[in-house]
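As a plain string of letters, each chain reads:
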Amino acid sequence: MAKEKTVYTCSECGGTTPRWLGKCPHCNAWNTLVEGVAESASMSKNRFAALAKTAEVAVLADIEATEVARTPTGMDELDRVLGGGMVEGGVVLIGGDPGIGKSTLLLQALDAIERSSQGVGEGTGQRQGAGGHTLYVTGEESGAQVALRSRRLGLERSQVKVLAEIELDKILATLSATKPAIAVIDSIQTVYSGELTSAPGSVAQVRECAAHLTRAAKSSGTTIVLVGHVTKEGALAGPRVLEHMVDTVLYFEGDTHSQFRLVRAIKNRFGAVNEIGVFAMTERGLKGVSNPSAIFLSQHSEPVPGSCVMVTLEGTRPLLVEIQALVDSGGPSPRRLSVGLDRDRLAMLLAVLHRHAGVACMDQDVFVNAVGGVRISEPAADLAVLLSITSSLRGKPLPKGFFAFGEVGLAGEVRPAPRGQERLREAAKLGFSVAVVPKANAPKQAIEGLTIHAVERVEQAMDVVRGLG
Ligand code: TYD
Ligand code: MG
């Protein structure tokens, strides 16, 4: 037997080098290269064998555009992020912190699918097959533990098939023997292939196993859902390599201490991205929250300094989120920390605040937080961040019923946020009464119960707020 060749694989980006190095030459991360065995030629050939067979070249217009068949999961919020349901042969990666509810959600979804497939009078376009509809492969918990969870969820008579297995070959054999419509692999980090010597959860294993499972999904039409854990850095372990292999990437967000969870689509070949599903964790599992706009507001009876509400648009739904800031005298090198918001953007906003509005935080620690564990990536949060910072600095609360949104540029200009009218209307519906918004977002017709101050510049926004109280 030929001597096995050693390669070093980066645990961050999955890049390989023939020698050990302190720094990964591909992504420049330090200390991430781990030793592994190079794949043999036959294995890599194997990997490509299952990609598209050579086919004849066809004119695009002549190719029939068939709609994909979807199986609704029966959980509306999950279907919303998936773009209508699970797609035949599709591979979904669902990531999130440990304990956030991945296993719970998927077990509930499988049970719901199992129940609807046994019911009568299904809608059109849904897949129907006899028996063997769902398979839950658990590598993290024993069958008994899964059963315990299902009892807790009130699914006493669940018909979901469970396989406690971590060996890839056995999982693949079971998939081809039972031909489920939907299979969940919980989690991809526990699955291992005997062909590789590296440990389960290593980049090489995760990539290899996911590749095999993806191929099985495409060739059999089974929908495969891969559960993946997120590392401290926020990426799936073994990670980015998986995101491009799968059709849909969903992430769980939210604070494990709070009741609410968001499931966000980061990538979706079969639907819109940046759509979110909102769930509440109850003692009987996850329940969809169909009207989530007010869940990220903390309940202050009177306004407090350092708090400003904004309206963010998540997918198609506006959400009101409270932004909190604490500005406090810091040491020689003051800290800037943000939770749920971009830290670089915070530094930029502080510079704009100083330069254009003359508010200095140079010797202050600045902390900002989006309440409830949501992550806000849109720049429309800028104005609320600045207003909460100045409110904390002055120790003066913003008026009751106040909110703001708008992007702030380096020149101190306030830029419009997309779909401003919807944001304004949602806030008005929830009883908010005063707003500072970008001029271009000011409505042509007054919105009942809402006083709107349209601004073009940061300093103008500060003046308006000072005038309000
Ligand atoms: P779990 O689905 O095991 O998380 P993951 O698979 O993402 O690691 O979620 C477990 C958490 O949810 C655990 O902390 C207990 C809680 N939980 C409930 O609050 N209610 C329930 O009905 C269940 C099943 C779990
Ligand atoms: Mg789990």
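Residues numbered from 1 in each chain as written. Chains lettered and ligands numbered in written order. Predicted model: local features only at pLDDT ≥ 70, side-chain atom pairs only at ≥ 80, totals over all residues. Heavy atoms only, no water.

K.L.:
I keep staring at helix H11 (residues 458-468) and nothing clicks. Help me out?
P.N.:
An α-helical turn contains 3.6 residues, so any two residues separated by three or four positions project in the same direction. The complete set of buried residues in H11 reads Val458, Ala461, Met462, Val464 and Val465. Down the axis of H11, the sector holding all buried residues measures 160°, keeping them to one side. Gly469 sits one or two positions beyond H11 and adopts a positive phi of about 150°. (Buried < 20%, exposed > 50% of the residue type's maximum accessible area, 1.4 Å probe, protein only. Helix = DSSP H or I, 4+ residues; strand = E, 2+ residues; numbered from the N terminus. Arc of directions from axis to C-beta.)

K.L.:
Explain the site of ligand 1 here, please?
P.N.:
Close to ligand 1 lie 16 residues; Gly99, Ser103, Thr104, Arg149 and Gly285 are nearest. For ligand 1, an oxygen atom lies 2.5 Å from a polar atom in the side chain of Arg149. One of the backbone N or O atoms of Gly285 is found 2.7 Å from an oxygen atom in ligand 1. Out of a free accessible area of 560 Å², ligand 1 has 77% covered by protein chains. Elements that contribute at least two residues to the shell around ligand 1 include exactly helix H3 (102-118), helix H4 (143-152) and strand E13 (276-282). Among the elements that take part in the shell around ligand 1, H3 stands out by supplying three residues, more than any other. Each residue belonging to the shell around ligand 1 can be placed in one class, and the counts come to four nonpolar, six polar and six charged. (Near = heavy atom within 4 Å. Polar contact = N/O pair within 3.5 Å; in protein donor to acceptor, adjacent residues only side chain to side chain. Areas by Shrake-Rupley, 256 points an atom, 1.4 Å probe, with all protein chains shown as cover. Nonpolar A, V, L, I, M, F, W, Y, C, P; charged D, E, K, R; others polar.)

K.L.:
What is the right way to look at the sheet that holds strand E11 (residues 248-253) in this model?
P.N.:
Strand-to-strand pairing in sheets goes through backbone hydrogen bonds, with the strands running parallel or antiparallel. On the basis of which strands lie adjacent, the open sheet formed by nine strands has the order E8-E7-E9-E10-E6-E11-E12-E13-E14 and mixed pairing. Only two strands of the sheet have a single partner each, and these edge strands are strand E8 (161-164) and strand E14 (285-288). In this sheet, adjacent strand axes meet at a mean angle of 25° when their direction is disregarded. Examined bridge by bridge, strand E7 (residues 134-138) and strand E9 (residues 182-186) share five bridges and lie parallel to one another. Following the sheet pairing, Leu135 is matched in E9 by Ala183. Contacting strand E6 (91-96), E7, E8, E9, strand E10 (223-229), E11, strand E12 (260-268), E13 and E14, H3 runs over the sheet at an angle of about 160° to E7. Seen against the sheet, helix H5 (residues 168-178) touches E7, E8, E9 and E10 and runs at an angle of roughly 170° to E7. (Pairing = 2+ DSSP bridges. Axes fitted to C-alpha atoms, helices over the stretch in contact; angles between N-to-C directions. Contact = heavy atoms within 4.5 Å.)

K.L.:
I keep staring at the packing of H5 against helix H6 (residues 203-220) and nothing clicks. Help me out?
P.N.:
The description of two helices packed together rests on the angle between their axes and the distance between the axes. Between H5 and H6, the shortest axis-to-axis distance is 11 Å and the interhelical angle comes to 10°. As far as their axial angle goes, H6 and H5 are roughly parallel. Counted together, Leu168, Ile171, Leu172 and Leu175 of H5 and Cys209, His212, Leu213 and Ala216 of H6 form the full contact between these two elements. Here the residues of the contact of H5 with H6 sort into seven nonpolar, one polar and no charged. (Parallel < 35°, antiparallel > 145°, perpendicular 65-115°, else oblique.)

K.L.:
What am I meant to see in the pairing of strand E15 (residues 307-314) here?
P.N.:
Along E15, eight of the eight residues are buried, which leaves the element largely enclosed by surrounding structure. Neither face of E15 is open: one carries Ser307, Val309, Val311 and Leu313, the other Cys308, Met310, Thr312 and Glu314, and all of them are buried. Between E15 and strand E16 (residues 317-329), which pair antiparallel one after the other, the connecting turn spans two residues, and Gly315 there sits at a positive phi close to 65°.

K.L.:
Please explain the packing of aromatic side chains as it appears in this structure.
P.N.:
A ring pair, where both rings are aromatic, is described by two values, the distance of the centres and the angle of the planes. Tallied over the entire structure, the rule returns one aromatic pair. An angle of 90° between the planes, with centres 5.9 Å apart, marks the rings of Phe403 and Phe432 as edge-to-face. Of this pair, Phe403 sits in strand E19 (residues 402-404) while Phe432 sits in the loop between helix H10 (420-429) and strand E22 (434-438), and the two are 29 residues apart along the sequence. Of the two residues examined, Phe403 and Phe432, each falls in the buried class. Between Arg423 and the ring centre of Phe405, over which it is positioned, the NZ or CZ distance is 5.5 Å. (Phe/Tyr/Trp six-rings, centres within 6.5 Å; stacked < 30°, edge-to-face > 60°. Lys NZ or Arg CZ within 6 Å of the ring centre and 35° of its normal.)

K.L.:
Honestly, the nonpolar core in this entry has me stumped. Any pointers?
P.N.:
Nonpolar side chains tend toward joint burial in soluble globular proteins. Counting residues in hydrophobic clusters, the biggest one holds 64 residues, and the most contacted among them are Val385, Leu387, Ile389, Phe402, Phe403 and Val436. Here this core gathers at least three residues from each of two domains, domain 2 (69-290) and domain 3 (294-468). If sequence neighbours within four positions are ignored, Ile389 has contacts with Ala325, Val327, Leu346, Leu350, Leu353, Cys361, Val366 and Val368. Counting residues in hydrophobic clusters, the runner-up holds 29 residues, among them Leu106, Val160, Val225 and Val263. (Core = buried A, V, L, I, M, F, W, Y, C linked by side-chain atoms within 4.5 Å. Domains from an automatic or database assignment.)

K.L.:
Explain the packing of H3 against H4 to me, please; I cannot follow it from the model alone.
P.N.:
Viewed as axis vectors pointing N to C, H3 and H4 meet at an angle of 70°, and their least axial separation amounts to 11 Å. When the axis of H3 is compared with that of H4, the two are roughly perpendicular. Contact residues: H3 offers Ser103, Thr104 and Leu107, while H4 offers Val146, Arg149 and Ser150. Split into classes, the residues belonging to the contact of H3 with H4 amount to two nonpolar, three polar and one charged.

Such coordinate-based values are descriptive only and should not be taken to indicate function.
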